[in-house]
Amino acid sequence: MSYETARNHEIHDAHQRVIDIFARTYRCGQPTIVLLPGGMGSHLDRSTRPFVNDQSIPFPMYDPVWMDLEMIFGRDLELLRMETNGHDAGEHMIIPTGPLQFLVKAYDGTQRFFTDLGWNYIVFGYDWRRSLEEAASQLAEFLVNLRDRVKDLRDFDPLPTTTLLAHSQGGLVGKIFLQSVSGDDGGGIGAWMKRFVTIGTPFYGTTSHQDRYYQGQSPLNIFYGKRRVAEIAGSLPGPYVLMFADQSALDAGTQAKLGLSGYPITDSATGAPGGPV
């Protein structure tokens, strides 16, 4: 078994544990919210032992790596670095296990809002260090397993009443997922969800992220140094998609070369570009 196959197996199991808890408390007839967190908004755990072969899994223990107090008082940021072959540092697998939990639980207000309404709520954690295409593929598997598990326990299909609620980078994951399942006419989307809502998603990238490759990230710079923070950020392939794309990068000539259409998105009232100029 390869490293990547083993890592996918561990992520599948982690997602399945979340789904099992959700399915046991599922309220039939109530809407479902599947939250896609923003970048750095998913909790990441790291195996205490390195991967050697298929006998290595399942790993007996995982420790939080993003994030806990070791991020400040230890060297956990170094452990987030990725190798050029796509493996995690030292062959210690890193997997997403839900929303970020450090001092406070990320999106806990969102969870309270929907649970107070009596709705069903679950978080799709993904490894924001890695490609959006990987996360989108895992989201498809996550929704299939969610549907099947709820059907097993409740004899009810939750997807027709499901909303994908995506924050920031999570909206990019959702966008790629929709493109993969929509079909030529978009008719395939209805089998997966009722609606897709994004909040603060940088479809054109964000200027704030570009600075991390040169200036690091406060307050991590205090503990690790600006240069090292920038080097670690540069080793992570996923966030490169957040690099700023200005208007000149989306002109007609560039669009044709990239196979793009419908850019830039324009404001329906004014006709002005909806992205940066």
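Read on for a plain summary of the structure. (Residues numbered from 1 in each chain as written. Predicted model: local features only at pLDDT ≥ 70, side-chain atom pairs only at ≥ 80, totals over all residues. Heavy atoms only, no water.)

By the secondary structure assignment, serine 56 is in the loop between strand S2 (42-47) and strand S3 (62-66). As a C-alpha pair, serine 56 and alanine 6 span 50 residues in sequence and 8.8 Å in three-dimensional space. Sequence-distant contacts of serine 56, defined by excluding residues within four places in its chain, comprise Pro50 and Phe51. For serine 56, the side chain forms a polar contact with the main-chain nitrogen of valine 52, separated by 2.9 Å. (Helix = DSSP H or I, 4+ residues; strand = E, 2+ residues; numbered from the N terminus. Contact = heavy atoms within 4.5 Å. Polar contact = N/O pair within 3.5 Å; in protein donor to acceptor, adjacent residues only side chain to side chain.)

Turning our eyes to something else, we now look at the sheet that holds S2. Pairing is antiparallel across the open sheet formed by three strands, whose spatial order is S3-S2-S4. At either margin of the open sheet sits one strand with a lone partner, and together these are S3 and strand S4 (94-99). Between one strand axis and the next, the sheet turns through 40° on average, direction left out of account. Across four bridges, S2 lies against S3 in antiparallel orientation. Directly across from aspartate 45, in S3, lies its bridge partner proline 64. In the packing of helix H1 (residues 3-24) onto the sheet, the strands contacted are S3 and S4, and the crossing angle to S4 comes to about 20°. (Pairing = 2+ DSSP bridges. Axes fitted to C-alpha atoms, helices over the stretch in contact; angles between N-to-C directions.)

All right, on to the packing of H1 against helix H5 (residues 132-154) then. Between two packed helices, what matters for the description is the angle formed by their axes and the separation of those axes. Look at H1 against H5: their axes get within 9 Å of each other, and the N-to-C directions meet at 40°. As judged from the angle between their axes, H1 and H5 are oblique. The chirality of how H1 crosses H5 is right-handed. For the pair H1 and H5, contact is made by Glu4, Arg7, Asn8, Ile11, His12, His15, Gln16, Ile19, Asp20, Phe22, Ala23 and Arg24 and by Glu134, Gln138, Glu141, Phe142, Asn145, Leu146, Arg149, Val150, Leu153 and Arg154, respectively. Of the residues that constitute the contact of H1 with H5, the class distribution is eight nonpolar, six polar and eight charged. (Parallel < 35°, antiparallel > 145°, perpendicular 65-115°, else oblique. Left-handed = near helix turned anticlockwise from the far one by under 90°. Nonpolar A, V, L, I, M, F, W, Y, C, P; charged D, E, K, R; others polar.)

Attention now goes to H5. Since the α-helix advances by 3.6 residues per turn, residues separated by three or four positions end up pointing in the same direction. Compared with an ideal rise of 1.5 Å per residue, which puts 23 residues at 33 Å, H5 spans 32 Å between its outermost C-alpha atoms and is within 8% of the ideal. Buried within H5 we find Leu132, Glu134, Ala135, Ala136, Gln138, Leu139, Ala140, Phe142, Leu143, Asn145, Leu146 and Val150. Its buried side turned inward, H5 meets H1, strand S1 (32-36), strand S7 (120-123), strand S8 (162-167) and helix H6 (169-181). Following H5 by one or two positions, aspartate 155 has its phi on the positive side, about 55°. (Expected span 1.5 Å × (residues − 1). Buried < 20%, exposed > 50% of the residue type's maximum accessible area, 1.4 Å probe, protein only.)

Attention shifts here to the sheet that holds strand S9 (residues 195-199). Strand order across the open sheet formed by four strands is S7-S1-S8-S9, with parallel pairing between neighbours. Each of the sheet's edge strands pairs with one partner strand only, and the pair in question is S7 and S9. With strand direction ignored, the average angle separating the axes of adjacent strands in the sheet is 20°. The strands touched by H5 are S1, S7 and S8; relative to S1, the strand with the most contacts, the crossing angle is about 155°.

Per the stated rule, a full pass over the model turns up 12 aromatic pairs. With centroids separated by 6.0 Å and ring planes inclined at 35°, the aromatic side chains of tyrosine 26 and phenylalanine 156 adopt a geometry described as tilted. Placement of tyrosine 26 in the loop between H1 and S1 and of phenylalanine 156 in the loop between H5 and S8 is noted, with a sequence separation of 130 residues between them. Each member of the aromatic cluster is reached from another via a ring pair, and the members are Phe113, Phe114, Trp119 and Tyr121. (Phe/Tyr/Trp six-rings, centres within 6.5 Å; stacked < 30°, edge-to-face > 60°.)

On to the packing of H5 against H6, then. It is the contact of H5 with H6, at a shortest axis distance of 8 Å, that shows an interaxial angle of 70°. Judged by the angle between their axes, H5 and H6 are roughly perpendicular. The element H5 and its partner H6 pack so that their crossing is right-handed. Residues Leu132, Glu133, Ala135, Ala136, Leu139, Ala140 and Leu143 of H5 lie in contact with H6, whose contacting residues are Gln169, Leu172, Val173, Ile176 and Phe177. For the contact of H5 with H6, a count of residues per class yields 10 nonpolar, one polar and one charged.

This part takes up a nonpolar patch on the surface. On the surface, Leu69, Phe73, Leu103 and Val104 cluster together into a nonpolar patch covering about 510 Å² of accessible area. Among the secondary structure elements, leucine 103 is positioned in the loop between strand S5 (101-102) and strand S6 (104-105). Exposure remark for leucine 103: the relative accessible area of 77% places this residue in the exposed category. (Patch = residues over 30% accessible without salt bridge, like charges linked within 9 Å, V, L, I, M, F, W, Y side chains within 5 Å. Areas by Shrake-Rupley, 256 points an atom, 1.4 Å probe, with all protein chains shown as cover. Salt bridge = Lys/Arg side-chain N within 4 Å of Asp/Glu carboxyl O.)

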